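# Coordinates in review
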Amino acid sequence: MTKKVLMLAAKANMIQQFNHRNIKILQDLGYEVHVATNMVDFGSMSAEENERFKQWMNDNKVMAHQVDFERRMGSLKGNIRSLKQLRQIFRENDFNFIHVHSPLGSILGRLVAKQFKVPTIYTAHGFHFFKGGPKSGWLVFYPLEWFFSFITDTLITINGEDYELAKKHMHANKTFKINGIGVDVVKAWHVTDEEKLIARRNVRKELDIPEDAFVMSSVGELSNRKNHSIVLEALKRMNIKERENIYYIIAGTGANGKMLNELAESFSFKSHFKLLGYRSDIREINFASNIVIFPSLQEGLGVSGLETIINGSYLIGSDVRGIRDYILSKSIGTTFSPGNAKQLEQLIKNKINTSNLNSGSSRSQLLQFDVESIDKAMKNIYQNMKST
């Protein structure tokens with residue numbers, strides 16, 4: 001009899017961005033992998049990337065199921081529709097276990113899995129409640145996560161703060177901490193200085209940025225949570241002379257693009273501010289930058305910031321869970337309060353005219369984030385589910 005496992009998230013981007021390797025691990029363990037997600041309203045990736053992901057699933061014999069999950073926590077009517085669709089998928093397939101992601105997908109998925117007596121793995125990509133976070137997160141999401149932890153076989157957290165909270169307050173049968181989805185640390189370290197210099201020149205030429213400019217970059221969805229506006233507020237605090245040679249570029253898509261452009265225009269910085277849209281060459285953008293700024297208000301384990309450090313670029317990141325986890329020393333990066341534009345302004349000034357490379361003194365410690373380490377941990381978790 002064919003062993004089957006279901007990978008489930010509300011939006012396709014969650015599977016596309018975080019679970020390609022997990023799917024391959026499961027297939028190598030002999031499972032027929034099914035994916036249930038919304039591939040029509042697919043989340044924070046481009047339509048082209050969504051089509052490539054669907055083609056990837058087809059090419060790799062992944063069984064895809066469209067479920068009409070709504071945005072955020074959905075409506076009552078929409079969630080009832082999604083539950084009916086999930087129940088039909090479960091009736092047609094005898095799953096050994098399921099692996100759920102995202103708040104809405106994990107809740108509805110665990111409900112149906114409980115009904116069909118199927119064990120569940122839940123990866124929490126950053127709880128929506130955290131130290132210093134809004135009270136609404138604790139009032140809404142904490143009770144939900146606490147309640148549904150009772151029907152969770154295995155809970156995976158991806159940062160230290162969430163792990164400690166889960167061990168103390170949640171009730172999953174097993175709780176693990178893995179360091180995010182993994183990045184190819186060793187491969188990044190083999191990029192030569194010459195290759196970095198070529199990438200720097202090519203990106204700056206493409207974007208019409210002078211070779212001697214001080215370039216700051218950020219990566220992430222153009223949303224309130226990613227908090228790119230604080231960087232512009234820090235630049236706004238500088239006088240014209242201080243910022244005349246500074247450029248700020250953001251790779252990402254989202255609803256806040258117009259607002260960010262208007263903010264840049266308000267202090268005559270528009271010609272030095274560039275929204276790049278979706279980019280697949282983030283490593284090259286890192287190399288083209290003097291510093292990278294990751295100003296998020298909230299992260300699970302922010303991959304873009306981690307990749308910045310792995311690539312050898314200097315990171316200024318928010319002092320929040322999921323970012324400070326990998327800023328292991330002042331030699332590779334520093335943190336700031338994500339609402340403090342004055343503090344960020346000073347940190348930027350401190351880095352002007354200095355190297356864009358971190359000194360790498362914490363290099364050996366960064367191996368804990370390598371894909372090989374993460375994949376080994378996930379394989380062990382999946383193998384342990386065989387006996388449940």
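Refer to the structure presented above.
Here we summarise the structure given alongside this text. (Residues numbered from 1 in each chain as written. Predicted model: local features only at pLDDT ≥ 70, side-chain atom pairs only at ≥ 80, totals over all residues. Heavy atoms only, no water.)

## So, helix H3 (residues 47-59)
Given a rise of 1.5 Å per residue, 13 residues ought to cover 18 Å, and the 18 Å separating the end C-alpha atoms of H3 matches this to within 8%. Within H3, burial applies to Glu49, Asn50, Phe53 and Met57. Burial along H3 is one-sided: seen end-on, the buried residues are contained in an arc of 105 degrees. Along H3, exposed side chains directed more than 90 degrees from the buried face belong to Glu48, Asn58 and Asp59. The first or second residue beyond H3 is Lys61, which carries a positive phi of 60 degrees. (Helix = DSSP H or I, 4+ residues; strand = E, 2+ residues; numbered from the N terminus. Expected span 1.5 Å × (residues − 1). Buried < 20%, exposed > 50% of the residue type's maximum accessible area, 1.4 Å probe, protein only. Arc of directions from axis to C-beta.)

## Observations concerning the sheet that holds strand S2 (residues 31-38)
Taken in spatial order, the seven strands line up as S3-S2-S1-S4-S5-S6-S7 in an open sheet, and their pairing is parallel. Only two strands of the sheet have a single neighbouring strand rather than two, namely strand S3 (63-66) and strand S7 (174-177). Shown here is a sheet whose adjacent strand axes are inclined to one another by a mean of 20 degrees, direction ignored. In this sheet, strand S5 (residues 120-124) lies alongside strand S4 (residues 97-101) in parallel orientation, the contact comprising four bridges. Residue His101 lies in a different strand from S5, and its bridge partner there is Thr123. (Pairing = 2+ DSSP bridges. Axes fitted to C-alpha atoms, helices over the stretch in contact; angles between N-to-C directions.)

## Some thoughts on the environment of Lys117
On the secondary structure map, Lys117 appears in the loop between helix H5 (103-115) and S5. In this structure the C-alpha to C-alpha distance between Lys117 and Phe97, which are 20 residues apart in sequence, comes to 9.2 Å.

The analysis is restricted to geometry; functional conclusions fall outside its scope.
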